[in-house]
There are 2 protein chains.
Amino acid sequence: MRADASRNREALLRAARRLLEEVGAEELSMDALAAAAGLGKGTVFRRFGSRAGVFVALLDESERTFQQAVLSGPPPLGPGADPVERLEAFGRHRLRFLAERGDLLRAAAADLDRTGGAPAAFTRLHLQVLLRAAGVRGDLEVLAFDLLAVLEAPLNHYVRGAPGLSPQRLADGWADLVHRVARP
Amino acid sequence: MRADASRNREALLRAARRLLEEVGAEELSMDALAAAAGLGKGTVFRRFGSRAGVFVALLDESERTFQQAVLSGPPPLGPGADPVERLEAFGRHRLRFLAERGDLLRAAAADLDRTGGAPAAFTRLHLQVLLRAAGVRGDLEVLAFDLLAVLEAPLNHYVRGAPGLSPQRLADGWADLVHRVARP
DNA sequence: AGCAGAAGCGGACTACAGTCCGCATCGTGT
DNA sequence: ACACGATGCGGACTGTAGTCCGCTTCTGCT
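Predicted, not measured: the structure shown is a model, and the values here were computed from it.

### Quick look at the interface of chain A and chain B
Reasoning step 1: Taken together, the contact between chain A and chain B spans 35 residues of the former and 35 residues of the latter.
Reasoning step 2: Applying the counting rule to chain A against chain B returns four salt bridges.
Reasoning step 3: Across the pair Asp139 of chain A and Arg169 of chain B runs a salt bridge whose closest N-O atoms are separated by 2.8 Å.
Reasoning step 4: There are 11 residue pairs in polar contact (both at pLDDT 80 or more) connecting chain A and chain B.
Reasoning step 5: When residues in the side of chain A that touches chain B are grouped by element, the largest group, nine residues, is from helix α7 (residues 140–152) of chain A.
Reasoning step 6: Looking at side-chain class alone, the side of chain A that touches chain B contains 20 nonpolar, five polar and 10 charged residues.

### Overview of the environment of Val150 of chain A
All names here are of chain A.
Reasoning step 1: Following the sequence through the fold, Val150 ends up in helix α7.
Reasoning step 2: The exposure class of Val150 is buried, given its relative accessible area of 6%.
Reasoning step 3: Separated by 53 residues in the primary sequence, Val150 and Phe97 have C-alpha atoms spaced 14 Å apart.

### A few points about the pattern of salt bridges
Reasoning step 1: In the structure shown here, the tally under the stated rule is 20 salt bridges over all chains.
Reasoning step 2: Note that Lys41 of chain A is salt-bridged to Asp31 of chain A, the shortest N-O span being 3.5 Å. Here the residue Lys41 of chain A occupies a position in helix α3 (residues 41–48), and Asp31 of chain A occupies one in helix α2 (residues 30–36), the gap between them amounting to 10 residues.
Reasoning step 3: The closest approach of N and O atoms between Arg92 of chain B and Glu88 of chain B, which form a salt bridge, is 3.3 Å. Within this pair, Arg92 of chain B and its partner Glu88 of chain B are both found in helix α5 (residues 83–109), separated by four residues, close to a single helical turn.
Reasoning step 4: For Arg92 of chain B, a relative accessible area of 27% puts it in the partly exposed group.
Reasoning step 5: Overlapping salt bridges, with partners in common, bring together Glu88, Arg92 and Asp172 of chain A in one network.

### A look at the relation of the copies chain A and chain B
Each of the two chain copies can be generated from the other by rotation about an axis followed by a shift along it.
Reasoning step 1: Each copy of the sequence occupies a distinct position, and chain A is placed on chain B by a rotation of 180° and an axial shift of 0.0 Å, giving an RMSD of 0.1 Å. In symmetry terms, the pair is related by a two-fold rotation axis.
Reasoning step 2: Comparing interface residues between copies, 100% of those in chain A also lie at the interface in chain B; the contact surface is shared.

### Observations regarding the domain arrangement of chain A
Residue and element names in this part refer to chain A.
Reasoning step 1: Partitioning chain A into domains gives domain 1 (1–48) and domain 2 (50–182).
Reasoning step 2: For domain 1 versus domain 2, the distance between C-alpha centres works out to 28 Å.
Reasoning step 3: Regarding the contact of domain 1 and domain 2, the summed buried area is about 1000 Å², with carbon and sulfur atoms giving 68% of it.
Reasoning step 4: Along the contact surface separating domain 1 from domain 2 lie three residue pairs in polar contact (both at pLDDT 80 or more).
Reasoning step 5: Where the side of domain 1 that touches domain 2 is concerned, the elements lending two or more residues are α1 (3–23), α2 and α3.
Reasoning step 6: It is α1 that provides the largest number of residues to the side of domain 1 that touches domain 2, a total of five residues.

### As for the nonpolar core
Reasoning step 1: By size, the foremost hydrophobic cluster in this structure holds 66 residues, and its most contacted members are Leu127, Leu131 and Trp174 of chain A together with Leu127, Leu131 and Trp174 of chain B.
Reasoning step 2: The residues touching Leu131 of chain B, leaving out its near neighbours within four places in the chain, are Leu87, Val136, Leu140, Leu143, Ala144, Leu147 and Val181 of chain B.
Reasoning step 3: Ranked by size, the runner-up nonpolar core spans 27 residues in total, among them Met30, Val44, Leu105 and Ala107 of chain B.

### Brief notes about helix α8 (residues 167–182) of chain A
Reasoning step 1: With 16 residues, α8 of chain A extends 22 Å between its outermost C-alpha atoms, agreeing within 8% with the 22 Å of an ideal straight helix rising 1.5 Å per residue.
Reasoning step 2: Listed as buried for α8 of chain A are Leu170, Ala171, Gly173, Trp174, Ala175, Leu177, Val178, Arg180, Val181 and Ala182 of chain A.
Reasoning step 3: Considering only its buried residues, α8 of chain A is in contact with α5 (83–109), α6 (117–133) and α7 of chain A together with α7 (140–152) and α8 (167–182) of chain B.

### Points about the protein's contact with DNA strand D
Reasoning step 1: Lining the immediate surroundings of DNA strand D are 22 residues, of which Lys41 and Arg51 of chain A together with Arg2, Asn8 and Thr43 of chain B lie closest.
Reasoning step 2: For DNA strand D, the backbone portion of the atoms within 4 Å of the protein, that is sugar and phosphate, comes to 57%.
Reasoning step 3: Note that a phosphate oxygen of DNA strand D is positioned 3.0 Å from one of the backbone N or O atoms of Ala3 of chain A.
Reasoning step 4: In this structure, Gly42 of chain B approaches DNA strand D through a main-chain N or O atom, which is 3.3 Å from a base oxygen.
Reasoning step 5: Counting residues per element, the ones that place at least two in the surface near DNA strand D are α1 and α3 of chain A together with α1 (3–23) and α3 (41–48) of chain B.
Reasoning step 6: Per-element tally for the surface near DNA strand D: the top contributor is α3 of chain B, with five residues.
Reasoning step 7: Split by residue class, the surface near DNA strand D holds seven nonpolar, six polar and nine charged.

Cut-off values and rules
- Residues numbered from 1 in each chain as written.
- Chains lettered and ligands numbered in written order.
- Predicted model: local features only at pLDDT ≥ 70, side-chain atom pairs only at ≥ 80, totals over all residues.
- Heavy atoms only, no water.
- Contact = heavy atoms within 4.5 Å.
- Salt bridge = Lys/Arg side-chain N within 4 Å of Asp/Glu carboxyl O.
- Polar contact = N/O pair within 3.5 Å; in protein donor to acceptor, adjacent residues only side chain to side chain.
- Helix = DSSP H or I, 4+ residues; strand = E, 2+ residues; numbered from the N terminus.
- Nonpolar A, V, L, I, M, F, W, Y, C, P; charged D, E, K, R; others polar.
- Buried < 20%, exposed > 50% of the residue type's maximum accessible area, 1.4 Å probe, protein only.
- Least-squares fit on C-alpha atoms with pLDDT ≥ 70 in both.
- Domains from an automatic or database assignment.
- Buried area = accessible area lost by both parts, 1.4 Å probe.
- Core = buried A, V, L, I, M, F, W, Y, C linked by side-chain atoms within 4.5 Å.
- Expected span 1.5 Å × (residues − 1).
- Near = heavy atom within 4 Å.

Pasting the structure below:
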């Protein structure tokens, strides 16, 4: 990438973060972003491909940090703890992240092709590995897919129909579910 | 509703069904729908509120039929069978419906307020009732929410990242999950 | 330094969802 | 039968995501 291009990319991300605080993810328009960065709209799309791509880029660092913590951080999230405990910790962290950055994640979710799918793939694979390590038998690929769906559920809109479900209850529910699934 | 209005409503639904076959849900635009029905665009929005509302209306009959089958049809979907068997049957039916009408459901999902949320609420409640009947202990509201998420998962886009998961495997995975959860 | 081609840029343009409001049509009460 | 308020209608208008292409700027090479 050319030097000016990467400077522009940074300028766009900076502008995006600022707008995000000012108006929120929902209201962030690409025209506004381009204008705020003092650039043309074409440039925004060249850099990020789509509106969702902007949010994926903004989330990138957090995702990377999370993956690092999972792969080589301290237990129980990282390696070393009992697999079922790691499953529980993984879900609790993920749900907390969703509660904090749900707006960004929702805005990024529309992106099918770019990195939007990668975190989900990572999560699914990790769940599968932990299930296997926990000695769970069965079609672990599908089971991991199902558990991923549970973790992503709070992102989806039908949550609005269940306003009584606090993050705390969801997290405890996750722990309960994991223990049920992993029961010998 | 005035007679002409309800005639127009039917004309719109007929046109929508035709366009659906011709171009698919994804490509169905509101301008095209209005034109195909020989009506103005404003009329479409007056009748259905939003693009998603059109799809909700198209799904309405199927949803009603499904709910009837659940509430008063023959077992194991309807009442009379063992609750765990009913859970299993419920999920299998729902997943099959998703596989068949996924495009419509996805297009209808954007609707938060209208009937879009109602089928989810019905499903969640029904799952909760069956879990209780099966003697499952714990926070059944959250557990039902989680199981709903599993059933809705195939709608979400990240499915594309898991192309190997056939409807058959998903359905068997559901049955497996339900039995794990309901184990005494 | 200067050149050539690659990479990048901007903003006009398209397509689409959703809004708005002046005009037309309906149907009810008399 | 008619009048008049309520209901509905159309299509121009707005705001936004995403595309396109002629022009500009960079950069590696000589």
